[in-house]
Amino acid sequence: DNDAIRAADLTDGQMTTLAGIGVNGNADGPGMQASFSWPVDLVVGGDGDLYVVDPGGHCLRKVDLDDDQYTVTTVAGAVGNSGHADGAGGDVRMSEPRGLTRGDGRTVWIIDTYNLAMRTLDLDTAEVVTIAGTPETYGHDDGVGGAAHFMTPSAGAWLDGKLYIVGTESHTVRVLDAATAEVSTLIGAPVQPGYADGVGAEARLFLPRDIVVGSDGALYVLETGNRAIRRVDPTTAEVT
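Residues numbered from 1 in each chain as written. Predicted model: local features only at pLDDT ≥ 70, side-chain atom pairs only at ≥ 80, totals over all residues. Heavy atoms only, no water.

Engineer: Would you mind going over the overall build of the protein in detail, with residue names and values included?
Structural biologist: Looking only at helices and strands, the protein has zero helices and 21 strands in total. Taken along its principal axes, the extent of the C-alpha atoms in the protein is 50 × 45 × 30 Å. Within the protein, the proportion of its 240 residues that are buried is 49%. Once local pairs closer than 6 in sequence are excluded, the contacts in the protein between residues at least 24 apart make up 37%. As displayed, the protein has an accessible area near 10400 Å², and 48% of this comes from carbon and sulfur atoms. (Helix = DSSP H or I, 4+ residues; strand = E, 2+ residues; numbered from the N terminus. Buried < 20%, exposed > 50% of the residue type's maximum accessible area, 1.4 Å probe, protein only. Contact = heavy atoms within 4.5 Å. Areas by Shrake-Rupley, 256 points an atom, 1.4 Å probe, with all protein chains shown as cover.)

Structure below.
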């Protein structure tokens, strides 16, 4: 809500604002002159720069961490223009993207929430490609590529060639195999919220919002509805 990108020094807790002026907008430029519109997720890409999803502007922004002014540029999307189009740079259209995670090499995965799609950004070419999901087709079908459907996907985590996706309104964690573009449901029962540990479809989640990979190779899910942190074994699909 401050429309800002900030850094916390983990040794002493010192907080520094890198970019954003506390005013909602979509201006590029030096960090303290740039503006954002409800930034909700970020990731350090394979090039060492910081990438930020800006759902209010329907675009993807970059903060140059090697520049002492932390210059902000728009990498993909056209500010204020929602829609769905693959391509490069300003030719891309998104609809309130809300999640980012780093893939292999110089690839960033975009969780394009209201296009109900999983998309990749090539950091070398700025090209965005849709890998799975179909815009305006709201659901929870497993399948390959466009045959897979999502319900408000909000975040993703990358592990061993697979993208793990939290579906907030479907109350599930899905997995996308990047090699085949096949999507399957890892844990939870679609549109059946609840609270239960267990394996696969036996588990119940309630409004999961974020997901990360731990140093132990497990997935950790931030579950807002149950006010809980859940651990998921990606091999066995066991939830604790």
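Engineer: Can you explain the pairing of strand β11 (residues 127-133)? Please cite residues and give values.
Structural biologist: A regular strand places its side chains on the two faces of the sheet in alternate fashion. When strand β7 (residues 87-88) meets β11, the two strands line up antiparallel, connected through two bridges. Among the inter-strand pairings, Ala-88 is bridged to a residue of β11, identified as Glu-127. Both strand β10 (residues 117-122) and β11 contribute to a ladder of five bridges, which runs antiparallel. Its bridge partner being in β11, Ala-117 is matched across the sheet by Gly-133. Where β10 folds back onto β11 in an antiparallel hairpin, the turn is made up of four residues, including Ala-126, whose phi is positive at roughly 65 degrees. (Pairing = 2+ DSSP bridges.)

Engineer: Let's hear about the sheet that holds strand β3 (residues 41-44): which residues, and what values?
Structural biologist: Across the sheet, which stays open at both edges, the four strands sit in the order β3-β4-β5-β6 with antiparallel pairing between neighbours. Here the strands that pair on one side only, and so sit at the sheet edges, are β3 and β6 (72-76). Strand-to-strand twist of the sheet, defined as the mean angle between neighbouring strand axes without regard to direction, takes the value 30 degrees. Direction of pairing for strand β5 (residues 59-63) relative to β6: antiparallel, over a ladder of four bridges. Each residue of the ladder has a partner; that of Lys-62, found in β6, is Thr-73. (Axes fitted to C-alpha atoms, helices over the stretch in contact; angles between N-to-C directions.)

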